[in-house]
Structure formats: C-alpha cells, structure tokens
Amino acid sequence: MDVKAALVSGLTSDPRRLPVWFRYDKQGSIYNDRFLTDNTHYYFYRSEVEVLTANVQAIVSEVAPPCVLVEMGSGNSEKSRMIIDVILRQQTTLNYIPVDISAEFLKETADSLSHDYGEKLRVTPVPGDYTVGIEHFRKVEGRKLIVWLGGGFQNQPYTVQVARLHNMAQSMTGADRLLVALDVTQEAEAVEKAYLDPAGVGENLYLNALWRLNREYGSDIITDNFRLEANFDHSTEDDTLSGVKLRAVSCNDQEIHIPDLNLTFDLPEGECIYLHEGEYLSCKYTDAQVGSLAEKAGLTLNRIWTDPGLHVGLFCFAKDV
Ligand SMILES: C[S@@+](CC[C@H](N)C(=O)[O-])C[C@H]1O[C@@H](n2cnc3c(N)ncnc32)[C@H](O)[C@@H]1O
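The model shown is predicted, which means the values in this text are computed figures rather than measured ones.

S.K.: Mind laying out the environment of L281, listing which residues take part and the relevant values?
M.R.: Topologically, L281 is positioned in the loop between β12 (272–274) and β13 (282–284). Given the relative accessible area of 2%, L281 is considered buried. Along the primary structure L281 and A181 are separated by 100 residues, whereas in three dimensions their C-alpha atoms are 15 Å apart. Those residues within four positions of L281 in sequence are excluded, and the remaining contacts are V20, R23, Q154, N155, Y195, Y206, V244, L246, L275 and H276.

S.K.: If you had to explain the environment of F22 to someone new, which residues and values would you point to?
M.R.: Considering the arrangement of structural elements, one finds F22 in the loop between β1 (16–17) and α2 (26–38). The class of F22 is buried, set by a relative accessible area of 0%. Counting along the chain gives 204 residues from F22 to F226, while the straight-line C-alpha distance between them is 18 Å. Those residues in contact with F22 that lie beyond four places of it in its chain are V3, L7, A209, R212, L213 and Y217.

S.K.: Can you break down the pattern of salt bridges residue by residue, with the values?
M.R.: A pair can form between side chains of opposite charge whenever their charged atoms are brought close. Tallied over the entire structure, the rule returns 16 salt bridges. Ionic pairing is found between E48 and K79, a salt bridge with its closest N-O pair at 2.7 Å. Note that E48 is positioned in helix α3 (residues 43–61) and K79 in helix α4 (residues 78–87), a separation of 31 residues in sequence. The shortest N-O distance in the salt bridge between K245 and D233 comes to 3.2 Å.

S.K.: Hey, could you go over the domain arrangement of the protein chain for me, with residue numbers and the actual values?
M.R.: Each assigned domain of the protein chain is listed with its residue range as follows: domain 1 (3–40 + 188–283) and domain 2 (43–186 + 285–319). On a C-alpha basis, the centroid separation for the pair domain 1 and domain 2 is 26 Å. Taken together, the contact between domain 1 and domain 2 spans 33 residues of the former and 23 residues of the latter. Counting the surface lost from both domain 1 and domain 2, the interface buries some 2300 Å², and carbon and sulfur atoms represent 52% of this. The largest share of the area that domain 1 buries against domain 2 comes from K26, L241 and C283, three residues that together contribute 25% of it. Applying the counting rule to domain 1 against domain 2 returns three salt bridges. The closest approach of N and O atoms between E104 and K26, which form a salt bridge, is 3.9 Å.

Conventions and cut-offs
- Residues numbered from 1 in each chain as written.
- Predicted model: local features only at pLDDT ≥ 70, side-chain atom pairs only at ≥ 80, totals over all residues.
- Heavy atoms only, no water.
- Helix = DSSP H or I, 4+ residues; strand = E, 2+ residues; numbered from the N terminus.
- Buried < 20%, exposed > 50% of the residue type's maximum accessible area, 1.4 Å probe, protein only.
- Contact = heavy atoms within 4.5 Å.
- Salt bridge = Lys/Arg side-chain N within 4 Å of Asp/Glu carboxyl O.
- Domains from an automatic or database assignment.
- Buried area = accessible area lost by both parts, 1.4 Å probe.

Below, the structure is given as structure tokens:
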C-alpha cells in the first residue's frame, strides 16, 4: 500500500480525510486496547465478548476439524484465544494466521501467543493491509475458519466492504466459513456516547492519526486546536448502512504544514478533518443490510448469533455454491 499517496489524497480531498487504518501504529494499538476496556460506554466490546463466550463452541463446529484459523485485523488476539482454546480441544495442533496493519504490535502479540501455547499453535503473522491478508490466505491449504472481530470490518467504506467480501468469497471453498462481528445497534444516543464518551477515553485513539503525522511526517499539529464531533446517521434502506461520522473540527484559523508529504493548507475555524476514509467511521447494520452485502459478494448468510442486548451480531457466511 502506498501510505503517502493515500494520506495526500485524503488530506487534499473535500472534505479532508485521514484513513481509519492510519491511527493503528503500535501506539494506536495500545490506545485501542485501553479504549475497549476503559470506555464504559463502548457497548460493542462487552457485547461481543458475551456473544462469543456463549456461542464459541457452535461457531467452531461450523468448520469440520482439522481447520486453520485466519484472523483479519487481529489486534491483541484476545478474543481469538477463546476460539483457539476450543479448536485445540478437537485437534492437537492449529495453524493461526493473524493479519494486521500494525506490524510491531502484531509481532509482539504473535510472540506472546507462541510463548503461551507452545508447539500446539503455529502462528504465522501477516503484517499488512487486509488485501495482503486475503492474498495470503488464498494460498493456505485446508479448511479455514476466517474471523473478523472487534469492529474492524465496519470501519471500511461500503464499496470496500463489498469488494473485500467478494475477494474473500473467491478465496474460500464450500467448506470454509467467514465469521464477521457487526454492530447492529440502531439507537443514536447509545452510539454517539460510545464513540465520544463523556470521559474522553476515545480521544487519544482518534487523535493518534494526527500525532502520527507529527511523528512520522514532520508536521507540528497542535491537537488542542481541535475539538472532536461524532454524529450518527440512521438508514434502514437495504442497500445503504447507518454509521458514525467523526471529525476533528478546527477551533481557530490555522495553517497545517506537513513537510514529508509536501503539503501545506489552511484550515479555517469550523472546518474539519474527517478521521475515516469512507462515509462512516463505524457502520451499523440490520439483518437485511447484511443480507444485501452478502448477496453482492457471492456469500450465503448461514447463521447469526446476537447478544441479549442486541448490540452485536456474529454473522457466519459460506461461499455461494
Ligand atoms: C477495531 S480493531 C480490532 C482488534 C481486534 N480484532 C479486537 O477484536 O479487539 C481493528 C484492528 O484492525 C487493524 N486494521 C485496521 N485497518 C486495517 C487494514 N486496512 N488492514 C489490516 N489491518 C487493519 C488494526 O491495526 C486493529 O488491530
């Protein structure tokens, strides 16, 4: 991926944007972990753990043993450990392929898994973009359980979601399964509080994209000169999604100079930089909207597990045959 080109393209577009994935360097991954545990309004994490804990056995049963476990956007692999434990009760060894753009954090997580599981778990970390991960698992032999947990899937633009599901479908056999955790919450107040929590736990995670520009591209952006705003757009149309718009709004007239991107622009008071490359930071789904995505991608929606609070759906897809 050409990171510089993506940054320049986003920062010169109207409105200006920074991609979600850019916030995930090692420091961003650490902020993400804190966000999950310390933001009491972030219902997604707790609901996802709840629904996964209650159904992990049934999820693993979707793919006959022995299988390979692939994870897109693996982060700290904490939830995957639940899945690994169940798989290792039905087969003696497991190949686990975590894919993540946050390369240093991925390596540390892989080392820690290898240390904890020993020879039972063969970990093959794939550092890079999801596209690299899909290319990689195309070549993997054996039945695959592919998981995409923690909300990483829903941070992508709608067209990218369709394209990535389609590419995955092309790489799957009829025996493979894809499990995607999606936010099915539809109440604006709960959603907006989760992303812009009153205690401000999310701020470091979001602002890390601007701080990373300072660290790696020579800028001197003062984030105290911005305020964060989050809004939920609700849609029930099958071919669209609901989602959260998150922006850093300039509190005064400022000039942004990013030497290593050869970029200088004025950001007047009230103008903003969106902190996601697509329409939304985090999409929200109805069952019909997921069904429509699956149909476009050539996947069949096999099963859905949800938590009692109806916040998270674990959607299990198979390749259309
Ligand atoms: C919301 S976090 C979820 C982490 C973990 N799966 C969990 O359940 O807590 C998204 C993860 O995807 C990774 N990620 C984000 N964009 C990515 C991309 N375009 N390609 C590969 N990994 C990406 C991030 O580094 C991060 O670890």
